[in-house]
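Letter by letter, the chains look like this.
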Amino acid sequence: MQEQTVENSVLPAPGSKVANRRRAWREVKDRIAKYGVAVGGISVILAIVLIFFYLLYVVMPLFQGASLKTEATYHSDFKQPVFLSLNEYNTVAMALEASGVVRFFDAKTGKTMSETTLPLDGKTISTVSAGAATTGVFSYGFNDGSALVIKEKYKVTYPTGTQRVIVPEVTYPLGEKHVAIDDQGKSISLLSVQSYEDKTTFVAYTEDKRLILKRFEKEVDFLDDTQFTIKEEKHEISLTDVSSLTQVKLDIDQRELYLVDDKGFIYYYDVQQLDKPRLIQKIKAVPTGVDITSFEFLTGGISILVGRSDGHIDQWFPVRDKDNNYTLHNVRSFDAQSSPIIAIAPEQARKGFLTLDKTGHLGIYHTTAHRTLLVEPYVNSSAVIGLSPRANGFISMTDKGDVKLLDIHNEHPDISWHSLWEKVWYESRDKPEYIWQSSSASNDFEPKFSLTPLTFGTIKAAFYAMLVAVPLAIMGAIFTAYFMSPRMRSFVKPTIEIMEALPTVILGFLAGLWLAPLVEDHLPGVFTLLFMLPVMIILTAWGWTKLPKAWRERIPDGWEPAVLIPIVLLVGYVSMASSGAIELWLFDGNMPQFLNDVGINYDQRNSLVVGLVMGFAVIPTIFSITEDAIFGVPKHLTIGSLALGATPWQTMTRVVLLTASPGIFSAVMIGLGRAVGETMIVLMATGNTPIMDFNIFEGFRALSANIAVEMPEAEVASSHYRVLFLAALVLFLATFILNTVAEIVRQRLRNKYSSL
Amino acid sequence: MKQRSSMKIWFDSGKPWVWLNAGAVSISLVMVVGLIGLIAVRGLSHFWPADIVELTYAEPGEEKVMLVGERVDHETVPAARLALSGVHLPEGQETANRTLLKIGNRDFFGLDFRWINDPWIADTQKPAGLVSIERREWGNFYGYLVNVKQQGEVVAQGEQAWDAFQQRLARSNALYNKIKDIEKSDIGKINHGLEDLRIDERRLELDNVEKGTAPYLEIEEERKQLNTRYAKLREELDELYSELNRDQITVKISDGREAEIPMAKIVQAYKPNAMSTMQKLGQYFHNAWEFVSGEPREANTEGGIFPAIFGTVMMVMIMSVLVTPFGVIAAVYLKEYAKQGAVVRLIRIAVNNLAGVPSIVYGVFGLGFFVYFIGGSVDEIFFQAKLPSPTFGSPGLLWASLTLAILTVPVVIVATEEGLSRIPRAIREGSLALGATKAETLWRTVLPMAAPAMMTGLILAVARAAGEVAPLMMVGVVKLAPSLAIDNIAPYLHLDRQFMHLGFHIYDVGFQSPNVEAARPLVYATAFLLVLIIVVLNLAAIGIRNRLRETYKASES
């Protein structure tokens, strides 16, 4: 038999080596558990908090300004150009020199890559102009009334697979031969040329103050598309009462022509039909004493930007009035600079622009957002500037030959508090409006990111839902908690509460495909139902008191809802069944049509449907919390009140409801939070058009539904993407605040109950 | 006068208001029960093999036509509404009854449904010979079976046609399944192998291995082998296809036209008018089983929803694995280890409130943080050869599960904390008094006792996750997933794949599909299944919670 020793016993002797080792090990385990749980717990909580900070992190860049970084500065010995431009990778720059030399050079070092001398035929260049930046077209006017059009082109090849090689070249859209513009052979002093697709239009202002329009149109034979003819049109606009023009600008669509004279007047012409140019408006665009120092189109060719001698920049665009006449309006002004604006460079993909003033300050602006992103001293002498197509690079050259290449960091100029929440006057709109329209097929589209109509939609949905849910849920909770028999309560409460778990996609589906057509077909019935239900319930109650006692006693107190269920069903059936007759009698057999005829828009998927269904979705939330609050009112309060002779109803309204009111308030808050954030119901039960109208028969677009619809298509890190994150952040904050308020109120109530 | 005053007394007593409150309860109950009933009735009736009627229908001023189809709906409409659809009733008649007939045969009539005005129905019959054929394309077919053909030769007609048809249909369905099996598993494997080789090659390129060296040649060799295997399978498939296309049937449509339907395009066929109730019941369960276990067809508007059930279950399971330990650890920390004070109270409020944050916000977070940020980084580090096509950098099963885990973790925390706080102090103190450490007390006594509470939390989390759609639309759900997340290709579980989901299926089929009217019964059936799952889960949670409460009541007293 083995001897019992300290080492092999089940429980080692206290103080022995084994016992100490074991204890130490247990302590280690305890400590590991402690720290393990702490680390785990804290990290889970941090992960949850991370949501807020991540949303914030994505949204923050929206509100950052622009910044500049100097990429390269060098001195070049070629002559100062009249125009400068950059390619889209900010690697190659082009300089048009006044002598007729087109020079492409490495933007970082200034090394010339290629040099083209234009065919001048011995003439003298009298003017140089640029077409819309997106087309890359430039034109030269000559002293004999002729002109030449050139186009910059960057051929990009990948000879080794990954290495990019850019070969710049000059092409001639109308051939290398000069185009005769003025038959009289007078020198051209101002020129504007646009060439887009197969259409090229020249507007030339000659030294003897005549304005000549000339258009070339390539017409492809519709039977054989290799054959084409070139159609030539020419017209002269007489400028009898105009002093001297300083600017001539034709828009990219070659439909609108703007002239600026030296007195600060803008002449706005419609030249769509070249032979019938029409002066639409002549307007004094600047106050006396101020000159127009520069003039450019914003990308898209709808707005014009007027740079003034006092450093202001005004945006104008034609606005249509009631009689379909267009007039120019000064839509917004930027006044961050104070000396004459000498150059304006519009961005090509966004509605932003850069300016350079006489003191060498550089300004970066965005029109839609009405944002001044940056104003900084930049050079100290006059310079020629060029902006890259992606608006992230910028090159300039002073008259002394100093070249500066800049990186522009300006990711989201198009978003501001103003553009998100206030009325914005968008291009081609007749007044400032709230619009959400995030994308379109066209490239030079002005995105409209107003969260106001979406927030309005969310509030509208929540409002109608609460209108349905609050009375039903609170009244139901009052009865269930206070008047209902315990047996019935044990069945009713879980039944209603289980609806909280019902997937909202099912409710949304029923709302859109079952309830919406039903409501449309039985609209009068719905309103009869809403009106008749309370009336019939009261009548039933009155009738109940008249019933013989023996009958009444069959159903004990606290089972009234059971009596009323058949009544509710009956009223529902009768209302729906009589709907057609009422419709025939009052609304010519079709109430939605009738509503449309009297000027109330009716959509099948409307706020009434959303209100009913979302109200239904919110009822369990409000019901459950209210019921708990009322049920938790200490019994001695109610018993005391009843003992003093108050009726149950008096006790309810004067004692119970007052005591439980904070709980009811928090129930409504939490219900509201749920209604605000609900997505699937509003997505499926409305037409999702972002309109702002409180009409119950129209739809809306809610913040949450908008995110669900647009998020999968939004380009990562674009303004659109970040604005959708902002919408999510707004929803997060709104619900979080509502819930926190509710929670604090509820905790106070709990303390109150325990002290009562 | 007496009447009035008694009324006044009655009003003063407050009784009417109590009744009004009772009315609110009744209305809520009617809505709840009515809603579930509506979904159940519409969802369950979808599988019933309804009788097919043959109508002789004569619109005024037009020739008599024969119409064949299932009665779907019946309603009374006012004349004004009918006028909108171009039907003018005789003067003085203000309403009319009409029937919605599912006429099927979409390839012949262009429409599945037609409204029939009851007064113009001259005759209604239910001939036993009418056949309802469920097809793989173009929806249902209703008509008469004329004959059965084998490669254009009539092999059976008249009385024998039906039996021959059933036999040959069983054969063609077996062939069809075999073909699908080969295409899915064997060819899928080969395609996957080829894709792997392409990635291997790209990896070599990224490592700057010179072309034409041994590793490249190896890849080339393997590719050749796979292509040979593919060619062999292709041959086998071609043979099976020609076998499959052997038989056709000729059918007669209601307007007398005859048409030929290839056997390969038929799923099943039955003659509802000739079936007994028991047979119909059998057919009913057969249809219901097909619905639960089958693949969707025709842009999800027909067939089964198995991939959606599978996707939902997979996602919920992965989510449970993630959410339970983290939720429990956080709850244990908050309740047992953290110093109880203002900070913990604040955290508790915050956690509570996060359960009320809209689910769409979690979806946005999941898309930005998990998919683009984490997934994008994972791709850069581990799946560089596959770029630019993303592996984890696009929505998928893992991200969906993670997003829903974050969404439901507050539920688990709250439920577990509640369970922990219900455990009587005496039990804890007893354990500590016997010399157990805190960790031992937790592990051996507290946590086992709180297990039902954790279970409740988990069930509630699962119920919430199963019904959530809005966040999933962003982080991984698609309308039609080409393959399930589990298959026979290594690593067998594909967490990066997109998946189908019951809730999204409802949204997609009900709102995005081209043929909503035809798909509606299917959506009701899907909705019913989803409601059933969620109600059962919730009832289970409530049951466990109630039992838990009673257990502690006993141990406290």
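Just so you know, these numbers come straight off a predicted model, no measurement behind them.

J.: I'd like a rundown of the overall build of chain B, residues and numbers included.
T.: From N to C terminus, chain B includes 16 helices and 13 strands. Whereas a compact globule of 557 residues would reach a radius of gyration of roughly 24 Å, chain B reaches 31 Å, over 25% beyond that. The principal-axis extent of the C-alpha atoms belonging to chain B is close to 110 × 90 × 40 Å. Considering only contacts in chain B between residues 6 or more positions apart, those separated by 24 or more positions represent 70%.

J.: Break down helix H14 (residues 703-710) of chain A for me, with residues and values.
T.: Most of H14 of chain A is tucked away: six of the eight residues are buried. Among all positions in H14 of chain A, only Leu 703, Ser 704, Ala 705, Asn 706, Ile 707 and Ala 708 of chain A are buried. Against the buried residues of H14 of chain A lie helix H3 (452-483), helix H12 (648-677), helix H13 (680-685) and helix H15 (719-755) of chain A together with helix H10 (359-382) and helix H14 (472-475) of chain B.

J.: Which residues make up the packing of helix H5 (residues 504-521) of chain A against helix H15 (residues 502-511) of chain B, and what are the values?
T.: Contact geometry of H5 of chain A with H15 of chain B gives a least axis separation of 9 Å together with a crossing angle of 15°. One element, H5 of chain A, and the other, H15 of chain B, form an angle in the roughly parallel class. Read as a crossing pair, H5 of chain A and H15 of chain B show a hand that is left-handed. Where H5 of chain A approaches H15 of chain B, its residues Val 505, Ile 506, Phe 509, Gly 512 and Leu 513 of chain A are matched on the opposing element by Gly 503, Ile 506, Tyr 507, Gly 510 and Phe 511 of chain B.

J.: An account of the domain arrangement of chain B is needed here, citing residue identities and associated values.
T.: All names here are of chain B. According to the domain assignment, chain B consists of domain 1 (53-126), domain 2 (144-274) and domain 3 (311-556). Here the C-alpha centroids of domain 1 and domain 2 sit 41 Å apart. With seven residues of domain 1 in contact, the opposing surface of domain 2 contributes four residues. Looking at the side of domain 1 that touches domain 2, the element that brings in the most residues is strand E2 (residues 65-78), giving four residues.

J.: Let's hear about the UniProt feature "transmembrane region" (unreviewed entry) in chain B: which residues, and what values?
T.: Residues and elements named next belong to chain B. Here the UniProt feature "transmembrane region" (unreviewed entry) sits at residues 20-41, 305-334, 354-376, 396-415, 446-466 and 522-544. End-to-end, the C-alpha atoms of residues 20-41 are 30 Å apart, and along that stretch the chain is 100% helix and 0% strand. From the first C-alpha to the last, residues 354-376 spans 27 Å; its make-up is 83% helix and 0% strand.

J.: An account of the sheet that holds strand E24 (residues 352-357) of chain A is needed here, citing residue identities and associated values.
T.: Residues and elements named next belong to chain A. The four strands are arranged E23-E24-E25-E26 in an open sheet whose pairing can be described as antiparallel. Two strands lie at the open edges of the sheet, namely strand E23 (341-346) and strand E26 (371-377), each paired on one side alone. For this sheet the average axis-to-axis angle between neighbouring strands, irrespective of direction, equals 15°. Note: E23 against E24, five bridges, orientation antiparallel. When the bridges of E24 are listed, Ala 343 appears paired with Leu 356.

J.: Can you lay out the environment of Met 319 of chain B for me, pointing to particular residues and giving the numbers?
T.: All names here are of chain B. Take Met 319: it is sitting in helix H8 (residues 306-337). With 245 residues separating them in the primary sequence, Met 319 and His 74 have C-alpha atoms 45 Å apart. When sequence neighbours within four positions are dropped, the list of residues in contact with Met 319 reads Ser 401, Leu 404, Ala 405, Thr 408 and Ala 465.

J.: Can you break down the interface of chain A and chain B residue by residue, with the values?
T.: Between chain A and chain B, the contact holds 86 residues from the first and 80 residues from the second. If one sorts the elements of the side of chain A that touches chain B by residue count, helix H1 (residues 17-59) of chain A sits on top with 19 residues. Of the residues assigned to the side of chain A that touches chain B, the class counts are 57 nonpolar, 19 polar and 10 charged.

J.: Requested: an account of the UniProt feature "transmembrane region" (unreviewed entry) in chain A, with residues and values cited.
T.: All names here are of chain A. UniProt records the feature "transmembrane region" (unreviewed entry) at residues 32-57, 461-484, 496-516, 522-542, 563-587, 607-626, 655-676 and 721-742, using the numbering of this structure. Secondary structure over residues 522-542 splits into 95% helix and 0% strand, and the C-alpha atoms at its two ends are 29 Å apart. A distance of 32 Å separates the end C-alpha atoms of residues 721-742, which is 100% helix and 0% strand.

J.: Hey, could you go over the sheet that holds strand E13 (residues 211-220) of chain A for me, with residue numbers and the actual values?
T.: Residue and element names in this part refer to chain A. The strand order across the open sheet built from four strands is E11-E12-E13-E14, with neighbouring strands paired in antiparallel fashion. Every other strand in the sheet has two partners, leaving strand E11 (188-196) and strand E14 (228-237) as the edge strands with one partner each. Averaged over all pairs of adjacent strands, the angle between their axes in this sheet comes to 15°, without regard to strand direction. As judged from the seven bridges shared by strand E12 (residues 199-206) and E13, these two strands associate in the antiparallel manner. Within E13, the residue paired with Phe 202 across the bridge is Lys 214.

J.: Give a detailed account of the environment of Thr 441 of chain B, specifying residues and quantitative values.
T.: All names here are of chain B. Its place among the elements puts Thr 441 in helix H13 (residues 438-467). Here Thr 441 falls in the buried class, since 20 other C-beta atoms lie within 10 Å of it. Note: C-alpha distance between Thr 441 and Ile 427 (14 residues apart in sequence) is 9.1 Å. Not counting residues up to four positions away in its chain, the partners in contact with Thr 441 are Arg 428, Ser 431, Leu 432, Ala 436 and Val 446.

J.: Talk me through unusual backbone geometry; I want residue IDs and the actual numbers.
T.: Note: most peptide bonds trans; most residues except glycine with negative phi. Phi is positive for Asp 121 of chain A, close to 55°, though the residue is something other than glycine. Mapped onto the elements, Asp 121 of chain A comes out in the loop between strand E5 (112-117) and strand E6 (125-130). Phi is positive for Trp 138 of chain B, close to 70°, though the residue is something other than glycine. Overall, Trp 138 of chain B belongs to the partly exposed group, with 16 C-beta atoms counted inside 10 Å.

J.: Can you tell me about the domain arrangement of chain A, naming the residues and giving the values?
T.: Structurally, chain A comprises domain 1 (17-63), domain 2 (67-414) and domain 3 (472-716 + 737-755). The gap between the C-alpha centroids of domain 1 of chain A and domain 3 of chain A is 43 Å.

J.: So, the confidence of the model for chain A: which residues are in play, and what are the values?
T.: Taken residue by residue, chain A gives an average pLDDT of 87. The fraction at 70 or more is 98%. Confidence, read as mean pLDDT per element, is least for helix H7 (residues 549-554) of chain A in chain A (82) and greatest for H3 of chain A (93).

J.: I'd like a description of the UniProt feature "coiled-coil region" (unreviewed entry) in chain B, backed by residues and values.
T.: The positions UniProt marks with the feature "coiled-coil region" (unreviewed entry) are residues 216-250 of chain B. Along residues 216-250 of chain B, the helical share is 83% and the strand share 11%, with 56 Å between the first and last C-alpha atoms.

J.: Give me the environment of Tyr 140 of chain A: which residues, what numbers.
T.: All names here are of chain A. Tracing the backbone shows Tyr 140 in strand E7 (residues 137-142). Residue class for Tyr 140 comes out buried when judged on the 25 C-beta atoms lying within 10 Å of it. Distance in space between the C-alpha atoms of Tyr 140 and Val 668 is 72 Å, their sequence separation being 528 residues. Ignoring sequence-local partners within four residues, the contact set of Tyr 140 consists of Gly 100, Leu 118, Ile 125, Val 128, Ala 147 and Leu 148.

J.: Pulling in residues and values, what's your account of the packing of helix H6 (residues 523-546) of chain A against helix H8 (residues 560-587) of chain A?
T.: All names here are of chain A. Put simply, H6 and H8 touch, their axes get as near as 8 Å, and they point 140° apart. In terms of orientation, H6 and H8 fall into the oblique class. In the crossing of H6 with H8, the sense of the turn from one axis to the other is right-handed.

J.: An account of the pairing of strand E3 (residues 95-102) of chain B is needed here, citing residue identities and associated values.
T.: All names here are of chain B. Examined bridge by bridge, E2 and E3 share eight bridges and lie antiparallel to one another. By the bridge assignment, Thr 76 is partnered in E3 with Asn 97. In this structure, E3 lies alongside strand E4 (residues 113-117), joined through five bridges in antiparallel fashion. Its bridge partner lying in E4, Leu 100 is registered against Trp 115.

J.: Describe the confidence of the model for chain B, naming the residues involved and giving the relevant values.
T.: Taken as a whole, chain B shows an average pLDDT of 85; of its residues, 98% reach a score of 70 or greater. Scored as a whole, the predicted complex attains pTM 0.89, and scored at its interfaces, ipTM 0.88.

J.: For the nonpolar core, give the residues involved together with the corresponding values.
T.: Residue and element names in this part refer to chain A. Grouped together as the largest cluster of nonpolar side chains are 215 residues, with contacts concentrated most on Val 613 and Ala 728. Top contributing element to this core by residue count: H3, with 19 residues. With 84 residues, the next largest nonpolar core counts Tyr 205, Tyr 258, Tyr 267 and Ile 364 among its residues.

The rules behind these values
- For every chain, the first residue of the written sequence is number 1, and numbering continues from 1 along that sequence.
- Ligands are numbered from 1 and chains lettered from A, in the order in which they are written.
- Per-residue local features are limited, in this predicted model, to residues with pLDDT of at least 70; the limit for side-chain atom pairs, both in listing and counting, is 80 or more; totals at the level of whole chains, interfaces and linings are taken over all residues.
- Secondary structure elements follow DSSP: runs of H or I no shorter than four residues count as helices, runs of E no shorter than two count as strands, and numbering proceeds from the N terminus.
- Within these notes, the globule rule equals 2.2 Å times the number of residues to the 0.38 power, and the radius of gyration is based on C-alpha atoms.
- Placing C-beta atoms from the backbone, we regard two residues as in contact once those atoms come within 7 Å.
- Counting other C-beta atoms within 10 Å of a residue's C-beta gives its exposure: the residue is buried at 20 or more, exposed at 12 or fewer, and partly exposed in between, where C-beta atoms are placed from the backbone.
- Note on definitions: angles span 0 to 180 degrees between N-to-C directions of axes, and those axes are lines fitted to C-alpha atoms, for helices only across the stretch in contact.
- Orientation is classified from the angle alone, with under 35 degrees giving roughly parallel, over 145 giving roughly antiparallel, 65 to 115 giving roughly perpendicular, and any other angle giving oblique.
- Crossing handedness is read from the near helix: turned anticlockwise from the far helix by less than a right angle, it gives a left-handed crossing, and turned clockwise, a right-handed one.
- For each domain, the first and last residues come from an automatic or database assignment.
- UniProt positions are given in the numbering used here, feature names are shortened, and annotations may be inferred rather than shown by experiment.
- Paired strands are those between which DSSP finds at least two bridges.
- Polar here means any residue other than Ala, Val, Leu, Ile, Met, Phe, Trp, Tyr, Cys and Pro, which are nonpolar, and Asp, Glu, Lys and Arg, which are charged; Gly is therefore polar.
- Confidence of the predictor at the level of single residues is captured by pLDDT, which takes values from 0 to 100.
- Put simply, a nonpolar core is a cluster of buried Ala, Val, Leu, Ile, Met, Phe, Trp, Tyr and Cys residues tied together by C-beta atoms within 7 Å.

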